[in-house]
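Structure at a glance
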2 protein chains.
Amino acid sequence: MKKGCPYGTHRVLEPKGVLPQPAEKIDNTMEIYDNEILLDVQTLNIDSASFTQIEKQAGGDLEEIKKIMHHLVDTQGKHKNPVTGSGGMLIGTVKEIGPALEGKTDLKVGDKVATLVSLSLTPLVIEEILEIRPEIDQVDIKGQAILFESGIYAVLPNDMPENLALSVLDVAGAPAQAAKLVKPGDTVVVVGGGGKSGLLCLYEAKKRAGVTGQVICIGGSEKSLQRAIDLDLADDYFVGDATDAVAIYNKVAELTDGKLADLVINCVNIPNTEMASILACKDDGTVYFFSMATSFTKAALGAEGVGKDVNMIIGNGYTKGHAAIALEVLRESPGLRELFTKMYA
Amino acid sequence: MKKGCPYGTHRVLEPKGVLPQPAEKIDNTMEIYDNEILLDVQTLNIDSASFTQIEKQAGGDLEEIKKIMHHLVDTQGKHKNPVTGSGGMLIGTVKEIGPALEGKTDLKVGDKVATLVSLSLTPLVIEEILEIRPEIDQVDIKGQAILFESGIYAVLPNDMPENLALSVLDVAGAPAQAAKLVKPGDTVVVVGGGGKSGLLCLYEAKKRAGVTGQVICIGGSEKSLQRAIDLDLADDYFVGDATDAVAIYNKVAELTDGKLADLVINCVNIPNTEMASILACKDDGTVYFFSMATSFTKAALGAEGVGKDVNMIIGNGYTKGHAAIALEVLRESPGLRELFTKMYA
């Protein structure tokens, strides 16, 4: 059995030397290297932008969609949409585990998993397309896929519906990072606390900060704020425009007796919210940017401009145990489980 | 004496409620609030993009440049170029310190300082423009300025020329953060180690990692690498293309026996170097992005895509004591002082 690179570069055919994601063609032979995992695929969750493009190209015709999908995988060895550049993820069952992973993985043959790495880098074979569900971008297939050593995944739990589990796995990094960063007694501000990742972060923050801590939820609207209030996820709540740095600063200063926050978690997916997050944080505190609308230069130059010695972290969608932490929230909080079932599952 | 806001919002005239930097007009009355510092200004270091624009608009005529500069300050209360949006910094002498800053600042009346916050947010009055030095974007004036409580500055040292000091103050955040992050025994990779901030980071990294640590310098060219080699700033050196993630990863893995780096400091001002920095770092390690060419989303999604549990930090140009740390490097290392004098002063 051949030795593989943790990042799957051993499967890259064209161009040589790049990572599997940017590669044009990868080797999708379903014979594993020593550090790979073979999966029997049940469902492809095509990235929404990708599926929309394919559907449009096919004129909505299901047989045409199948042809396009087969063509993508036949030519590239993976399901990467050349127009959108995106992939998606998949649900499957573990069929074989490379011997070099022994002691490195908690997976066993027969486990049902969701891969949390993109289809745009995952070696895939589609033998047959069984069913397309266009309304949720899902495609059931008969086929196989390879998970690299560095590929992240979550074992799907038995105690909740698949789509409910997927809805939190999608943003699992945020609550897991909150769980790691928040210490007892901390003052934590969650900007965008009424959204999906915001609610999960609030839950973890309140649990970890404890009775001596203070968790402040900022919502963009009365409606989103009410979701957090109904579930009693914070100590203080207010509606605020996160692009209005001075107003947010003044309100957080008022609620904290001028002490400001030890940790600010930004989960709000609109631009120009960097300064509000920075100003709400005390010196030597931490600002965790989980929003994909964050501008690197606005954060870096913004903090310097106001002389704030804060630790600014780029939200990493992955951290060890992130899936377990996120799924556990739904078990611990019946209220969040009910809300997520209603909203996303 | 009136109480001021640390960020200077008390001086904002139009539009109300914003920070001084985005404001269109600020109050430049040279009567201090209780937490402000009054400076007698000697020299304006106009931001290079701004000066070039003004010079062009003036057709290179010095009297015309003076008129434009006077007009900017008369209408806005600060020297913010409306075309480029940028400011610059200034050199001046402390004339008065607000009583609320007692015990909070180490400044005293008579100290000569360089402000390290932008002129685009600094209340300024120009009484007279004395001399323009277009070749270095410097303008000597008779005038005054206000430093806010949050405004950062450096006391100019007596033991080195002003322009030499300014050349390191410009990037002082990088070596200061390296000094704080590197621990004895650490393996540190500096990407772009041959540039200005890279050389300063290497010096701090080697000093702090010590004899049990390993410092690896990656240069973009033989020429830049040679600068670091000549000064003996690292343990290992190689020329590498920081956009080639796999090649950098393989080389760092080889030099570290597969262990990779505890800390990767990215100082290279070209795009698409996020993945090389992430791959060179071990799990639970830290990647410090100091390059302004860093893409937030490429870093966030890149780390997730390869399942790397690394702590990714947005380089903050400011941290407490950063000016003192950076200036000290030039005192400790005669070689760096000589190089910087030749290159930048």
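**Description of the pairing of strand β3 (residues 37–46) of chain B**
All names here are of chain B. Of all ten residues in β3, eight are buried, a share of seventy percent or more. In terms of strand pairing, β3 meets strand β4 (residues 88–97) through nine bridges, oriented antiparallel. For Ile46, the partnering residue across the bridge sits in β4 and is Gly88. Alignment of β3 against strand β7 (residues 138–147), held across eight bridges, turns out to be antiparallel. Note on β7: the bridge partner recorded for Ile37 is Leu147.

**Digging into the pattern of salt bridges**
Counted by the stated rule, this structure contains 42 salt bridges over all chains. Notably, a salt bridge pairs A:Lys320 with B:Asp284, separated by 3.6 Å at the nearest N-O pair. Here the residue A:Lys320 occupies a position in the loop between β14 (311–314) and α10 (322–332), and B:Asp284 occupies one in strand β13 (residues 281–289), the pair thus bridging two chains. The class of A:Lys320 is partly exposed, set by a relative accessible area of 37%. Exposure remark for B:Asp284: the relative accessible area of 56% places this residue in the exposed category. Across the pair B:Arg11 and B:Glu36 runs a salt bridge whose closest N-O atoms are separated by 2.7 Å. One end of the pair, B:Arg11, is in the segment before β1 (12–14); the other, B:Glu36, is in the loop between β2 (25–26) and β3, with 25 residues separating them in the sequence.

**Section: helix α5 (residues 196–209) of chain B**
All names here are of chain B. Across its 14 residues, α5 extends 20 Å between first and last C-alpha, which sits within 8% of the 20 Å expected from 1.5 Å per residue. The element α5 is largely enclosed, with a buried count of eleven among its 14 residues. Considered for burial, the residues of α5 that qualify are Lys196, Ser197, Gly198, Leu199, Leu200, Cys201, Leu202, Tyr203, Glu204, Ala205 and Ala209. Of the residues trailing α5, Gly210 is marked for its positive phi of about 70 degrees.

**So, the sheet that holds strand β7 (residues 138–147) of chain A**
Residues and elements named next belong to chain A. Taking strand neighbours across the sheet as the criterion, the six strands line up as β6-β7-β3-β4-β5-β8 in an open arrangement whose pairing is antiparallel. Looking at the sheet topology across the chains shown, the edges are occupied by β6 (124–133) and β8 (153–155). Averaged over neighbouring strand pairs, the angle between their axes works out to 30 degrees when direction is ignored. Where β6 lies against β7, eight bridges are found, and the strand directions are antiparallel. The partner of Glu131 across the bridge, within β7, is Asp140.

**Points about the interface of chain A and chain B**
Facing 47 residues of chain A, the contacting portion of chain B comprises 47 residues. When chain A packs against chain B, the two sides together hide about 3800 Å² of surface, and 63% of this comes from carbon and sulfur. Of all residues in chain A, A:Tyr7, A:Phe296 and A:Ile314 give up the largest surface area on contact with chain B, accounting jointly for 20% of the area buried on that side. Along the contact surface separating chain A from chain B lie six salt bridges. A:Lys180 is paired through a salt bridge with B:Asp309; the nearest N and O atoms lie 3.5 Å apart. Ranked by the residues each element gives to the side of chain A that touches chain B, the list is headed by helix α9 (residues 296–305) of chain A, at eight residues. Classifying every residue of the side of chain A that touches chain B by side-chain character gives 26 nonpolar, 13 polar and eight charged.

What counts and how
- Residues numbered from 1 in each chain as written.
- Chains lettered and ligands numbered in written order.
- Predicted model: local features only at pLDDT ≥ 70, side-chain atom pairs only at ≥ 80, totals over all residues.
- Heavy atoms only, no water.
- Buried < 20%, exposed > 50% of the residue type's maximum accessible area, 1.4 Å probe, protein only.
- Helix = DSSP H or I, 4+ residues; strand = E, 2+ residues; numbered from the N terminus.
- Pairing = 2+ DSSP bridges.
- Salt bridge = Lys/Arg side-chain N within 4 Å of Asp/Glu carboxyl O.
- Expected span 1.5 Å × (residues − 1).
- Axes fitted to C-alpha atoms, helices over the stretch in contact; angles between N-to-C directions.
- Contact = heavy atoms within 4.5 Å.
- Buried area = accessible area lost by both parts, 1.4 Å probe.
- Nonpolar A, V, L, I, M, F, W, Y, C, P; charged D, E, K, R; others polar.

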